Amino acid sequence: MQTDRFRPFFTGLSMRFTPKSIPFEIILLLVWILVVLVINPLGEFPVNDDWAYSKNVWFLSEEGRFVFSDWPGMTLISQTLTGALFTTLFGFSFSVLRLATLLFGISFLLLLYTFLRKLKVERNTAAFTSLLILFSPFFLSLSFTFMTEIYFLFFFLVTLMLYHQYLLRDKLIFLLLSSLFALITTLTRQTGLIIPIAIGMVEIIRSGRNIKKIVWSLLPFTIVFMGLRVYSHWLESTGNLPENYGRPGDLLETLRFNNLDYFMCKAGTILMYLGLFLLPLSLRMIPSKVSPGTKFRRNLLVLALILVSILVVMGFKGFPAPNVFYNIGLGPKLLKDSYWGDNISPVLPLAVWTGIKVLAVGGVFTLALVMFYRPINLTNLYNRIQSGTGTSIKFLLLLICAGYLVYMLINKFFFDRYTLSLTIFSAIFLAAMIKTTAGKWTWISGGFLGLFMLFSGSAVRDFMEWNRARWRGLEYLVQEQQIDVKRIDGGLEFNAWYEAGPFNPADKMGKSWWFVTEDEYVLACGPIEGFQYHVSFPYTRWLFHGKDSVQILWHPIEGMLPYAIYPVTCDCETLADNPSYLLSQQDSIRFEGGTLRSADHARSGRYSVKLDEENHFTFLHRFKDVRAGEKFRVRVWKYGGNDQIIIVAGGGDGCHSENQSEASAVDESGWELLELTTVVPDGFACYRYGIYLWNAGDGEAWLDDLEITRNYE
């Protein structure tokens, strides 16, 4: 009897806590918090390119001045101000900036669900779409950085929601607010300009022939375009315009210098990303019963499938594109060895990668089926846009997708993460446009969503753990061992943040292209030829569960060789294991210049090294542990080049330098002897002493039979 008294309470409790009774926003927030705790965003290190964005914030929050890195090409000011606000409140740190991005990430997801519900998308589809975006590999990965994508998407969605309110209420204040946030979006990335253009096109259709409304329809574009022009002018007038700053006119270069095949290959690769990452949603939208449809619709589907087939065949080799999504993880891992793919672990077999690519192609065809076979009524579109809010916002989304796709095709830079925005725009459009029904594909789509959850969560967690191990190694070198940053190749983010050397993307002969002065110590994922193991910093992987580590490698000191091995000669006949280098008769000493080897002329043997207007330097070798009083004598034979070929020896950076360009002898074949003798001066403070040959002109010259003598005076 006592039990019966409490039965109403328990009955009400069970009804109150059914899944449908809990607001999905709370579920989404709890899932996000759980994911953040599992992955752990904390760590004092930049990721990918956000070292440059973080540096802008550092100058503003710590020194109160605007200083813009030359590295980014984006407007970036909205994100810089946002980051500065957080770091002013909580102090500058990479963790604070990363937590700020995570806050914008969950805010975007909550707004996305709310917006889909306002577009009359049924609850389950809206929830499924929100979770799909959350666990989309690029969205989750970039949420744990200070990159621009998450901020851009948040401001974009606010713009879209405000414009939707304008369509519903027809109050000018919402159009003005929408235009303001479109400007904020564009001042994060210039591609935000697509939004007011699309809004203007929709408003022109809605205005009919009303001149006053047509004028008002130009307001969003006018506000954003003028704001962008004013900002760009301010950057130029203050000397802060970044070297890589993107302008609309820059896009025309791609149109001028590329053909139709290039654009079709790129389009095919983009479609494969959309097909793979939208596969769970598109599977959910396959109708339970497929009707034959009209003849026009069947023909349209056939044409769409033919076009898709051509594009994916052409784009198949371009997938995956470089940057975040690689091998079986998310990154990027920008170290000397992993950047070139030498030491990435674990490695997926080629057959598995082919399977993933085939799955992406299947996703493309599924999208085509959903888009062109389901009964989407495109008739009387013009009239329905004029009279219907729902049609207007869907048409706007279609225009934004088309505009962003065109931008991606004509932009000369393409990284895989650029597809994130288009993926999200397309997901919103699909969810709003097509009503889903619980069919036989529902469980399969849910299974794919589960795979996304496991992969993205584990891969991002592994990447953050890898970074923490990497930066423990860098702290060990810099703080415990007191190694100068200019003697370290710690990867792009480390060397760029500490400005450890010059940016030299053309230097492919040994050193990494990113800001490296010397690479005596190298952070790596595995062994590198010519480097010795020093110490490891372990971490644990969840994907392909196991132990892994980041290693510190050390390059043997070349300069501490007995003087008896000299003279060292190089006749250009033998390449090292790394073909960028020429071997001397002493295997321990090699010279940069293997890629310049030529059989056009040779003083001895078959080969020499050729310099011309594109290749100005060769025979570079850096001697370590050089002392004051050491004497170097360099002799080399040259053919051609007049007096423009110069021997250069010195420590660089103004430490000490000497050169010689006048020939001292000529042999019977017309080869001229260049000779330089130099003594390392007292007080020499540079770490290395370099010797190389320089073509100071634009003519052609051949060099052969290099000889270097070294002794102590």
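Read on for a plain summary of the structure. All values reported here derive from a predicted model rather than from experimental measurement.

### Description of the overall build of the protein
Secondary structure assignment for the protein yields 22 helices and 19 strands. A total of 713 residues make up the protein; the buried ones form 55% of that total. With an accessible surface of roughly 32300 Å², the protein has 61% of that area assigned to carbon and sulfur atoms.

### What about a nonpolar patch on the surface?
A contiguous nonpolar patch, built from Leu172, Ile173, Leu176, Leu177, Leu180 and Trp216 and spanning about 480 Å² of accessible area, is present on the exposed surface. No other element matches the five residues that helix α9 (residues 172–186) contributes to the nonpolar patch. With a relative accessible area of 35%, Leu176 lands in the partly exposed category.

### Here's the deal with the sheet that holds strand β3 (residues 488–489)
Strand pairing in a sheet takes place through backbone hydrogen bonds and is either antiparallel or parallel in direction. Pairing is mixed across the open sheet formed by four strands, whose spatial order is β3-β4-β6-β5. A single partner strand is all that each edge strand has here, and the edge strands are β3 and β5 (532–541). With nine bridges connecting them, β5 and strand β6 (residues 546–554) associate as antiparallel partners. Note that in β6 the partner of Ser536 across the bridge is Gln551.

### Let's talk about helix α10 (residues 194–207)
Think of an α-helix as turning once every 3.6 residues; residues three or four places apart then point the same way. With 14 residues, α10 should reach 20 Å at 1.5 Å per residue; the first-to-last C-alpha distance of 20 Å fits that figure. Of all 14 residues in α10, 10 are buried, a share of seventy percent or more. By the burial criterion, the buried members of α10 are Ile194, Ile195, Pro196, Ala198, Ile199, Gly200, Val202, Glu203, Ile205 and Ser207.

### Details of the nonpolar core
Among the nonpolar cores identified, the biggest contains 165 residues, and Phe108, Phe139 and Phe325 are the most heavily contacted of them. Counting residues in each nonpolar core, the second largest holds 32 residues, with Tyr566, Leu676, Val680 and Tyr689 among its members.

### Some points on the pattern of salt bridges
Here the structure, examined in full by the defined rule, presents 21 salt bridges. Note that Asp705 is salt-bridged to Arg603, the shortest N-O span being 3.1 Å. With Asp705 in strand β19 (residues 701–712) and Arg603 in the loop between β10 (597–598) and β11 (608–611), this pair connects stretches of sequence that are 102 residues apart. According to the relative accessible area criterion, Asp705 is buried, its value standing at 17%. We note a salt bridge from Arg633 to Glu707, for which the minimum N-O separation is 3.3 Å. Placement of the pair is Arg633 in strand β13 (residues 630–640) and Glu707 in strand β19, with a sequence separation of 74 residues.

### Looking at unusual backbone geometry
Cis rather than trans, the peptide bond between Phe319 and Pro320 has omega equal to 0°. Secondary-structure assignment places Pro320 in the loop between α16 (295–315) and β1 (325–326). With an omega of 15°, the peptide bond running from Gly331 to Pro332 counts as cis. In this fold, Pro332 is placed in the loop between β2 (329–330) and α17 (350–373). For Asn40, which is not glycine, the phi dihedral falls at a positive 70°. For Asn40, a relative accessible area of 27% translates into the label partly exposed. If you check the backbone angles, Lys120 has positive phi at about 70° while not being a glycine. Checked against the element boundaries, Lys120 lands in the loop between α5 (94–118) and α6 (123–134).

### Some remarks on the pairing of strand β17 (residues 672–679)
Alignment of β13 against β17, held across eight bridges, turns out to be antiparallel. Bridging across to β17, Val634 finds its partner in Leu676. Where strand β16 (residues 663–666) lies against β17, three bridges are found, and the strand directions are antiparallel. Bridged to Ala663 within β17 is Leu674. Between the antiparallel neighbours β16 and β17 lie five residues, among them Gly670 with a positive phi of about 90°.

### Thoughts on the side chain of Thr366
Examined against the element boundaries, Thr366 turns out to sit in helix α17. Among all residues touching Thr366, those that are not within four sequence positions of it are Leu279, Ser282, Leu283 and Ile286.

### Description of the environment of Leu142
Here Leu142 lies in helix α7 (residues 137–143). Leaving out residues up to four positions away in the same chain, Leu142 has contacts with Thr101, Met147, Glu149, Ile150, Arg417 and Leu420.

About the criteria used
- Residues numbered from 1 in each chain as written.
- Predicted model: local features only at pLDDT ≥ 70, side-chain atom pairs only at ≥ 80, totals over all residues.
- Heavy atoms only, no water.
- Helix = DSSP H or I, 4+ residues; strand = E, 2+ residues; numbered from the N terminus.
- Buried < 20%, exposed > 50% of the residue type's maximum accessible area, 1.4 Å probe, protein only.
- Areas by Shrake-Rupley, 256 points an atom, 1.4 Å probe, with all protein chains shown as cover.
- Patch = residues over 30% accessible without salt bridge, like charges linked within 9 Å, V, L, I, M, F, W, Y side chains within 5 Å.
- Salt bridge = Lys/Arg side-chain N within 4 Å of Asp/Glu carboxyl O.
- Pairing = 2+ DSSP bridges.
- Expected span 1.5 Å × (residues − 1).
- Core = buried A, V, L, I, M, F, W, Y, C linked by side-chain atoms within 4.5 Å.
- Contact = heavy atoms within 4.5 Å.

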